[in-house]
Amino acid sequence: MIAEHVAFGIIAAVMVAAASRVVTTRDIMHAALYLVIVLAGVAALFLLVGAEFTGITQVLIYIGAVIVLFLFGIMLTRSDFGDNEDTDYKRKFPALLTAALLLAVMVVALVDRFGTEKLPDDLSPQTTAQVSDELFSQFIVPFEAVSVLLLAALIGAIVVARREEGG
Amino acid sequence: MYLNTMLLLAAVLFCIGVYGVLARRNGVLVLMSIELILNAVNINLVAFGAFHATVVGQIFALFVITVAAAEVGIGLAIVLLLYRNRRSINLDQVDLMRG
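Definitions and cut-offs
- Residues numbered from 1 in each chain as written.
- Chains lettered and ligands numbered in written order.
- Predicted model: local features only at pLDDT ≥ 70, side-chain atom pairs only at ≥ 80, totals over all residues.
- Helix = DSSP H or I, 4+ residues; strand = E, 2+ residues; numbered from the N terminus.
- Expected span 1.5 Å × (residues − 1).
- Contact = placed C-beta atoms within 7 Å.
- pLDDT = per-residue confidence, 0-100.
- Core = buried A, V, L, I, M, F, W, Y, C linked by C-beta atoms within 7 Å.
- Buried ≥ 20, exposed ≤ 12 C-beta atoms within 10 Å, placed from the backbone.
- Nonpolar A, V, L, I, M, F, W, Y, C, P; charged D, E, K, R; others polar.
- Axes fitted to C-alpha atoms, helices over the stretch in contact; angles between N-to-C directions.
- Parallel < 35°, antiparallel > 145°, perpendicular 65-115°, else oblique.

For the rest of this paragraph, the subject is helix H1 (residues 2–24) of chain A. With 23 residues, H1(A) should reach 33 Å at 1.5 Å per residue; the first-to-last C-alpha distance of 33 Å fits that figure. Buried residues along H1(A) sit in contact with helix H2 (28–48) of chain A together with helix H1 (3–23) and helix H2 (27–51) of chain B.

Right, let's talk about the confidence of the model for chain B for a bit. Model confidence for chain B is summarised by a mean pLDDT of 91, while 100% of its residues fall at 70 or above. This complex was scored by the predictor with a pTM of 0.91 and an ipTM of 0.92.

With that out of the way, let us pick up the nonpolar core. In terms of nonpolar packing, the biggest core is built from 69 residues, with A:Val22, A:Val38, B:Leu13 and B:Met32 touching the most fellow members. Those elements giving two or more residues to this core turn out to be H1, H2, helix H3 (52–76), helix H5 (128–135) and helix H6 (140–161) of chain A together with H1, H2 and helix H3 (56–86) of chain B. Once you skip the residues sitting within four places of it in the chain, A:Val22 turns out to touch A:Ala31, A:Tyr34, A:Leu35, A:Val38, B:Gly20, B:Met32 and B:Leu36.

How big an interface is tends to be stated in terms of accessible area lost as the parts join. Each partner contributes to the interface: chain A provides 74 residues, whereas chain B provides 63 residues. Counting residues per element, the ones that place at least two in the side of chain A that touches chain B are H1, H2, H3, helix H4 (85–114), H5 and H6 of chain A. Looking at the side of chain A that touches chain B, the element that brings in the most residues is H4(A), giving 13 residues. For the side of chain A that touches chain B, the class distribution of residues is 52 nonpolar, 15 polar and seven charged.

The angle between the axes and the distance between the axes are what describe a pair of packed helices. The interhelical angle for the contact between H3(A) and H3(B), taken along N-to-C directions, is 5 degrees, at an axis separation of 11 Å. In terms of axis orientation, H3(A) runs roughly parallel to H3(B). Across the interface between the two elements, A:Phe53, A:Thr54, A:Thr57, A:Gln58, A:Ile61, A:Ala65, A:Val66, A:Leu69, A:Gly73 and A:Leu76 from H3(A) touch B:Gln58, B:Ala61, B:Leu62, B:Ile65, B:Ala69, B:Val72, B:Gly73, B:Leu76, B:Val79 and B:Leu80 from H3(B). Grouping the constituent residues of the contact of H3(A) with H3(B) by class yields 14 nonpolar, six polar and no charged.

Have a look at this one:
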């Protein structure tokens, strides 16, 4: 029980630190690598609460595929970032204010509603078999819809990024 | 473990993502911030799934992961197209549709 708390504390601290570096760092390559830490932390959290299939999928899809996509995107578009201290300051303050206000509202709402609710003491793993049973019975229609969406996104990405032949 | 520890962590991540979307102007970095936001949502879904001892939370999170993957693909294609046409991915310069 205590080990769970310690593990959660470490993961949470690392994730928050890495996430703030993602949005503040000047080097976008570093941002992508910090994002890996955050995504790995999310996967670790999933495993901590017994969501094994989602945890593994998180590693496969995000760290395996999405980050690689980001790295390709960064390498293909290396250019000036347009970062400039003077104009940056003008937008950073309102952005910080918005985020802080949003956080305050969410914290108040969460503490008010879920202040004393506890997760079950034995977080027994929700097995992959259970997930698949549910996914392929009750959620079969959304599952098919999402596969069509993925196909559409695939074709769309190719069409958008393709070089026009002869104008 | 309190349910709120997970939810509050997700709220912090969400707000960091919102800050990134609002404050940064590099197209790729904005997409990364959106990933932060979507991951915060996933943490909430999985936490509530564990709280109610059901796998539905996990399934919702899986759908969000799929849609996020599609979004990144399209988003990066758009950023790439932007770069090819303008030699820059500074979102401040993308004001063609500004009124």
